[in-house]
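Architecture and fold: a report
So you can see what is in the structure, the chains are spelled out below.
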Amino acid sequence: MSELRIGLIGGGRIGKLHGKNINTAVPGAKVVSLVEAMLDDGHRAWAAEVGIPKITKDPADIMKDKDIDAVFICSPTDTHADFIIQAAQAGKHIFCEKPIHTDIGRIKEAIAAVDKAGVKLQIGFVRRFDHNHKKVHDTVASGRLGKPHIVKITSRDPEGPPLSYIAGSGGIFMDMTIHDFDMARYLACSEVTEVTAYGAINIDPEYKKYDDVDTAAIMLKFENGAIGLIDNSRAAHYGYDQRTEVHGDKGSVLVGNDLADTSVISTADGVFCEKPTWFFLERYNNAFIAEVIGFVDAINNNKNPPVDGKDGLMAVYIALAAGKSLKENRPVKLSELMA
């Protein structure tokens, strides 16, 4: 196939990350148009810098452009499902940042539109493409560890997002832990059946205004009998804390954080090493590139995307179960939500 021509919806932080990566580091693809509702001179300057020739405020300009093959949806969460449906109806392949939506009905509508149109849909669960986490998954999937018993995920942000973001994000389980819910399924090689969530406001009392928490611990049960443990914090001031482990009946696999460098300095004053990389832009940039390469490959070779609509749907089911568990102070089976 000739070069994949992409329309990018959303010129915020994640949109700019994808736009730059695609136009500088992804062979066979190019962002040719940017849609940004709050378009200003800063967006125009950035688009010129990374080589995006067309800029508009109207998503319809991308949808009706017959020269555009695929759409990247990097807009606010509540717009994702609508843009997926519009892109599918326009016959364009779709990459959508997580989550598809916070409402199961809207997610199913979006997936149905994709299936009807026969286009590809990939969801932006970037951690699957990280070299460390992929090694954990591949080791478990190979059977080398035998039957998985315990899946542990530590995921702590160095700082919380603006409170204005929290207001429309769906809360910690939907905007932050949702990556971990997908990672849990990926690492366990099994579906989640039950969720028990605990939460607290330990960092900023303002979270209470949004009926949200900033610290959480979640227990999961899987179909294969494994148990999962996730811990989250929005204030890991030492850096972006991203660790995973799977323990099975034949052994375990553990990965730690990526550091600025791996030197260890030992003196009479103590033993010192670097802190973890600061945030997701530093920690996962190579994974962001890899996921786009996977998307392009799926289109060019007519393969299933590496992270599809079902993966997006299941992560939201788990997030909703976690929210229900926290609110009702009890374990919640996914079957309660899927009935």
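See the structure above.
I will try to describe carefully the structure that is included in this document. What you are looking at is a predicted structure, and each value in this text was computed from that prediction instead of being measured.

Some thoughts on the overall build of the protein
Along the protein, the regular secondary structure elements total 13 helices and 15 strands. Its C-alpha atoms give the protein a radius of gyration of 20 Å, near enough to 20 Å, the size a compact globule of 339 residues would have. Seen along its three principal axes, the alpha-carbon backbone of the protein occupies a region of about 55 × 55 × 45 Å. Partitioning the intrachain contacts of the protein with sequence separation of at least 6 by distance along the chain shows that 70% fall at a separation of at least 24. Total accessible area on the protein is roughly 15300 Å²; 52% of this is exposed by carbon and sulfur atoms.

Structural notes on the packing of helix H5 (residues 104–117) against helix H12 (residues 309–328)
Axis separation between H5 and H12 bottoms out at 10 Å; the angle between their running directions is 175°. With respect to H12, the element H5 is oriented roughly antiparallel. Residue-level contacts link Ile104, Ile107, Lys108 and Ile111 of H5 to Gly309, Lys310, Leu313, Val316, Tyr317 and Leu320 of H12. Classifying every residue of the contact of H5 with H12 by side-chain character gives 7 nonpolar, 1 polar and 2 charged.

Some thoughts on the pairing of strand S10 (residues 227–233)
Direction of pairing for strand S7 (residues 148–156) relative to S10: parallel, over a ladder of 7 bridges. Counted as the bridge partner of Arg156 is Ser233 from S10. Two elements, strand S9 (residues 215–222) and S10, share 7 bridges in a ladder whose sense is antiparallel. Each residue of the ladder has a partner; that of Met219, found in S10, is Leu229. In this antiparallel pair of consecutive strands, S9 and S10, the connection spans 4 residues, and Gly225 shows a positive phi of 95°.

A closer look at the pattern of salt bridges
The tally for this structure, following the rule as stated, stands at 26 salt bridges. A salt bridge links Lys64 to Asp61; the shortest N-O distance between them is 3.8 Å. Among the residues examined, Asp61 registers a relative accessible area of 28% and is labelled partly exposed. Notably, a salt bridge pairs Arg106 with Asp82, separated by 2.2 Å at the nearest N-O pair. Of the two residues, Arg106 is situated in helix H5 and Asp82 in helix H4 (residues 80–89); the sequence distance between them amounts to 24 residues. The partly exposed category is assigned to Asp82, whose relative accessible area is 36%. Counted as one network, the salt bridges with shared partners bring together Arg128, Asp182, Arg185, Glu191, Lys310 and Asp311.

Rules of the game
- Residues numbered from 1 in each chain as written.
- Predicted model: local features only at pLDDT ≥ 70, side-chain atom pairs only at ≥ 80, totals over all residues.
- Heavy atoms only, no water.
- Helix = DSSP H or I, 4+ residues; strand = E, 2+ residues; numbered from the N terminus.
- Rg over C-alpha atoms; globule rule 2.2 N^0.38 Å.
- Contact = heavy atoms within 4.5 Å.
- Areas by Shrake-Rupley, 256 points an atom, 1.4 Å probe, with all protein chains shown as cover.
- Axes fitted to C-alpha atoms, helices over the stretch in contact; angles between N-to-C directions.
- Parallel < 35°, antiparallel > 145°, perpendicular 65-115°, else oblique.
- Nonpolar A, V, L, I, M, F, W, Y, C, P; charged D, E, K, R; others polar.
- Pairing = 2+ DSSP bridges.
- Salt bridge = Lys/Arg side-chain N within 4 Å of Asp/Glu carboxyl O.
- Buried < 20%, exposed > 50% of the residue type's maximum accessible area, 1.4 Å probe, protein only.

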